[in-house]
Amino acid sequence: MTTGRDDGDERALADATGLSAPPPAPAPELARAIENMRPVRTRHRFGAVAAVALAGLVWPAIALVHLPHRRDLGALPLPWVIAAAALWAAAFTASLTAALVPRRGDVLPAAGRASRIAIAAMLIVAAFALFASVDAPGVSMQPEQRGWSPLRACLHCIGFVFETAAVFLAAGLFALRRLVPVGGARAGLALGAAAGAMGGFVLHFICPFASTAHIVLGHVGGMALTAGAGALLAAAIIRR
Amino acid sequence: MDSEAQQAAAAMERYCQGDPAAFHQLYALLAPRVLAYLRGLLGDRAAAEDALQLTFLKVHEARATYLRGANPIPWIYTIAHRTSLDEIRKRKRSRVRLSSHGTPGGPDSEPTARITGVAADQHPDPAERHDASNAAAGALAALAELPENQRQALLLTKVHGRSIAEAAMITGSTQGAIKQRAHRAYVTLRRLLGKGDDGVGAGAGTPAGSTEAKPPPRKEMA
């Protein structure tokens, strides 16, 4: 459809592709399916995101309640603790919503937009970790105090982020497979970033290591890795 | 939503409620343009007609994932797009090279035939294209020479009147990528049609930040 434009090139392309040509009648298989169809219950705009969040939040909730909190939590400035937690939570909410909730009036979530939002969320969290990390000298732990190398501490936290992300990724990929026929990798990236952000949120309360390098590599790095894993898995499942 | 989208949404809603007449209304409204889009991507009408049937069968199977009140047109285009990608992949897998004497490419190489599923008359020699009396055939042949993603962007934004945002959603891409691909496709198409790229630069692309597809500069076909 040229939407009223009478440009010669567009007209030629419209003619070439047979835009005004009548389509064939529905094939017998399709016609039979239509004749025998029953009413269906259509989905709710927030249905998928609610289901994925419900399934995925069980483990983070258990971890927050049952795992010991970081020992410097009381010694850190309360506004900073709240701001950092809010940032991780916002990164989670924005990325998950972008991956699974269509805009009003659309049927499908916009995969390209979702990946942009997730990347922006990751960059904001990384910038916050780089420039606004706070520790409580004498109270915050260093990996060496536990007999760990900094690398081991980072890998431990990345492992925890993946543990937290697993259910989100599984439930989210199942939902994406049903919902998103194209742009799977981009939507998967947003889903993985959301799952990683939830891991970062939980670590903010339980990880005893407060150094900037640890937060950037172990927590934000974990988020970036789950985003990558989400993109790869979604690409494999949805194929494009 | 424009009136056409509202009409499609109303038909889709009744279709989900189990009204067969609503399906036929939706089919009559959208099948011509979906068929044209598929033909632009796949090249030949027979394959496009098969893909059209498959698209509407998938729409039927996926109708429970429709959101009431939403515009179903980009969604149906997305399903058609996915169907065409599957078809293109199937063709690539089934491409056959036939040989009769020797190694391909060498002096003794065999004549090689490639079965691509696209009719030969839809791939005229580029040198002969200027002589083609039918501008539509020339345009279709030029279209077939564009890279797949540029072809998609051009068809959606310039021929089918989809907005940049809709085209990005249909192809699972970003708006920036769609703008760039549509612009490049338009420049290449004009070059292939022997019209150069003068005057295309600013007009063919869509200004940054805009979500609406802009028409290309008004120039008549050669």
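A brief report on the enclosed structure follows. Once a new chain begins, its residue numbering starts again from 1 and follows that chain's sequence as written. Each chain gets a letter, beginning with A, and each ligand a number, beginning with 1, in the order they are written. Totals for whole chains, interfaces and linings use all residues, but because this is a predicted model, local features are given only for residues with pLDDT of at least 70 and pairs of side-chain atoms are given and counted only at 80 or more. Processing note: side-chain calculations cover all non-hydrogen atoms of the structure and skip hydrogens and water entirely.

## Looking at the overall build of chain A
Numbering of helices and strands starts at the N terminus; helices are DSSP runs of H or I of at least 4 residues and strands are runs of E of at least 2. A count of helical and extended segments in chain A gives nine helices and zero strands. Of the regular secondary structure in chain A, the N- to C-terminal order runs α-α-α-α-α-α-α-α-α. Along the three orthogonal principal directions, the C-alpha set of chain A runs to about 80 × 45 × 30 Å. Any residue under 20% of the maximum accessible area for its type is buried, any over 50% is exposed, and the rest in between are partly exposed; the area is computed with a 1.4 Å probe on protein chains only. Taken across its 240 residues, chain A has 50% of its residues classed as buried. By definition, residues are in contact when any of their heavy atoms lie within 4.5 Å. Within chain A, counting contacts between residues at least 6 apart in sequence, those at least 24 apart form 86% of the total. Accessible surface computed for chain A: about 10800 Å², of which carbon and sulfur atoms make up 67%. Across chain A, the mean location of the 20 positive side-chain charges is 10 Å away from that of the 12 negative side-chain charges. A 1.4 Å probe and the Shrake-Rupley method give the accessible areas. Residues count as covered only by the protein chains that appear here. Residues scored as charged are limited to Lys and Arg (positive) and Asp and Glu (negative), so that His and the chain ends carry no count. Each charge is placed at NZ for Lys, CZ for Arg, CG for Asp and CD for Glu.

## A few points about the interface of chain B and chain A
At the junction of the two partners, chain B supplies 76 residues and chain A supplies 57 residues. Here the buried area means the combined drop in accessible surface, using a 1.4 Å probe, for two parts upon being joined, counting both sides. Carbon and sulfur atoms supply 61% of the area buried between chain B and chain A, which totals about 5400 Å² over both sides. On the chain B side of the contact with chain A, B:L67, B:V159 and B:M169 bury the most area, a combined 12% of that side's loss. Note on definitions: salt bridges are taken to be side-chain nitrogens of Lys or Arg within 4 Å of carboxyl oxygens of Asp or Glu. At the junction of chain B and chain A, the tally comes to zero salt bridges. The term polar contact refers here to a pair of N or O atoms within 3.5 Å; inside protein, the definition further demands a hydrogen-donor-capable atom paired with an acceptor-capable atom, and it admits residues adjacent in sequence only when both atoms are side-chain atoms. Taken together, the connections running from chain B to chain A amount to twelve residue pairs in polar contact (both at pLDDT 80 or more). With eleven residues, helix α2 (residues 20–42) of chain B is the single largest residue contributor to the side of chain B that touches chain A. Split into classes, the residues belonging to the side of chain B that touches chain A amount to 38 nonpolar, 19 polar and 19 charged. Under this grouping Gly is polar, as are all residues other than the nonpolar Ala, Val, Leu, Ile, Met, Phe, Trp, Tyr, Cys and Pro and the charged Asp, Glu, Lys and Arg.

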